[in-house]
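Breakdown of the fold
Here is what each chain is made of, one letter per residue.
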Amino acid sequence: MSDYTDAPLLVAARGGTPSRTPVWFMRQAGRSLPEYRKLRAGTAMLDACLDPDMVREITMQPVRRHDVDGAILFSDIVVPLKIAGVDLDIVPGTGPVIAKPIADRRDVEALPALLPGQAQPVADAIGLLLKELDGVPLIGFAGAPFTLASYLVEGGPSKNHERTKALMHGDPELWHALLDRLADITGAFLRVQVDAGVQAVQLFDSWAGALSERDYREFVLPHSTKVLRSVTTVPRIHFGVGTGELLPAMREAGADVVGVDWRTPLDVAVRRLRAAAPDLPLPVVQGNLDPALLFAGLPALEREVERIKHEGRAAAGHIFNLGHGVLPDTDPDMITKAVELVHRAG
Ligand code: CP3
């Protein structure tokens, strides 16, 4: 078993000085890789997430190919809901689809709890990975209560989250009851992963950027705080898309590392985080290459990587990543190149 204390990702997450700028990519496992498409052929997404050996292999594929500094467990944000008993599916090209969306108090009360034993296939996959990942930290993850609530209330992906916001503002008590249950499910799912040995976790609140800071603080922050408080033994990364206005509040929820999308330059993010909490240590950030830049050719990619590394120096630590997930049509060789550019000294 390797010693992970010097792993660049974990050193940077603690605000130390890593031997090289750590880099991994959200959605590094998945459709950009031909070996993934080959392995997944004929297996439904959710079946793949609950097959420990398939999870092991898919998680390892980008690590072998790209020399990334972190492995992210192959799973999905709806996996804990599925194994708890919610009737849902992941539809290719669409995303999660819920058979019976949540509309009223009865639906909220019927939402099952997650029993740790139900997540055994995920714990087993982590056990297999820890034997194979030689010094590369394994990142566990879960969807944050708001983003899960959006899928459950809308019934699937949503552009405007109108039903979700209608419930939030129309029946705040029911909204808080729903998010409280989801925080328990998410917390239980993250604890299974930490107990099984993941060395960091990321909480994905992908769609939180749809909210004003005021609504985020009132309707979401207390519940994400509860989740992040339940896993304090490993570094916690907290990420959402379009969250430039929410970064200080998302840090307050309990993030050791604040994920930043490509819309906010990292030095601007650091300035906002410092201004909001001058007494806290300088923040650690993760991000924030625009995933579309992987289509723009090498000279443009090189310029952007250099700019982001430079801006990242304003933080106490910088974990290089995309500003959102790898797009399915990305040329995997460009991902490998991006990793080389990040690791290049200077
Ligand atoms: O990052 C990784 O490499 C780990 C894998 C990962 C997946 N989903 C695998 C996946 C992670 C971290 C997620 C999280 C996830 N799932 C989020 C949060 C991250 C984000 O992108 O904001 C969200 C919002 C989801 C919900 C979801 N699941 C979507 C939007 C989709 C894509 C639908 C589509 O087909 O375009 C999924 C399915 C999914 N999850 C796929 C993968 C590889 C595609 C399934 C396939 O290969 O057919």
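Below is a summary of the structure that appears in this document. (Residues numbered from 1 in each chain as written. Predicted model: local features only at pLDDT ≥ 70, side-chain atom pairs only at ≥ 80, totals over all residues.)

**Considerations on the overall build of the protein chain**
A count of helices and strands for the protein chain gives 16 helices and nine strands. C-alpha extents for the protein chain along the principal axes are approximately 60 × 50 × 35 Å. Put simply, the protein chain has 346 residues, and 49% of those count as buried. (Helix = DSSP H or I, 4+ residues; strand = E, 2+ residues; numbered from the N terminus. Buried ≥ 20, exposed ≤ 12 C-beta atoms within 10 Å, placed from the backbone.)

**Structural notes on unusual backbone geometry**
Omega for the peptide link from Gly287 to Asn288 comes to -15 degrees, which places this bond in the cis form. In this fold, Asn288 is placed in strand S8 (residues 284-289). The backbone phi angle of Asp67 is positive, close to 60 degrees, even though this residue is not glycine. For Asp67, the location among the structural elements is in the loop between helix H4 (52-66) and strand S1 (71-72). Asp67 sits in the partly exposed class, given 14 other C-beta atoms within 10 Å. In this model, His161 sits at a positive phi of 55 degrees, which is unusual for a non-glycine residue. In this structure, His161 sits in the loop between helix H8 (145-154) and helix H9 (162-170). Using a count of 19 C-beta atoms within 10 Å as the deciding quantity, one classes His161 as partly exposed.

**Looking at helix H12 (residues 221-229)**
Listing the buried residues of H12 in full gives Leu221, His223, Ser224, Val227 and Leu228. Taken end-on, H12 shows its buried residues confined to a sector of 165 degrees, consistent with a single buried face. (Arc of directions from axis to C-beta.)

**Some points on the pairing of strand S5 (residues 200-204)**
Where burial is concerned, most of S5 is hidden: five out of the five residues are buried. Both faces of S5 are covered, namely the face carrying Ala200, Gln202 and Phe204 and the face carrying Val201 and Leu203. When strand S4 (residues 138-143) meets S5, the two strands line up parallel, connected through five bridges. Bridge assignment links Gly140 to a residue of S5, and that residue is Val201. Note that S5 and strand S6 (residues 236-239) share four bridges and pair parallel. Residue pairing in the sheet places Val201 in a bridge with Arg236 of S6. (Pairing = 2+ DSSP bridges.)

**Observations concerning the site of the ligand**
Surrounding the ligand, one finds 22 residues, the nearest of these being Ala29, Gly30, Gly95, Phe204 and Ser206. Here the residues of the shell around the ligand sort into eleven nonpolar, seven polar and four charged. (Near = placed C-beta within 6 Å. Nonpolar A, V, L, I, M, F, W, Y, C, P; charged D, E, K, R; others polar.)

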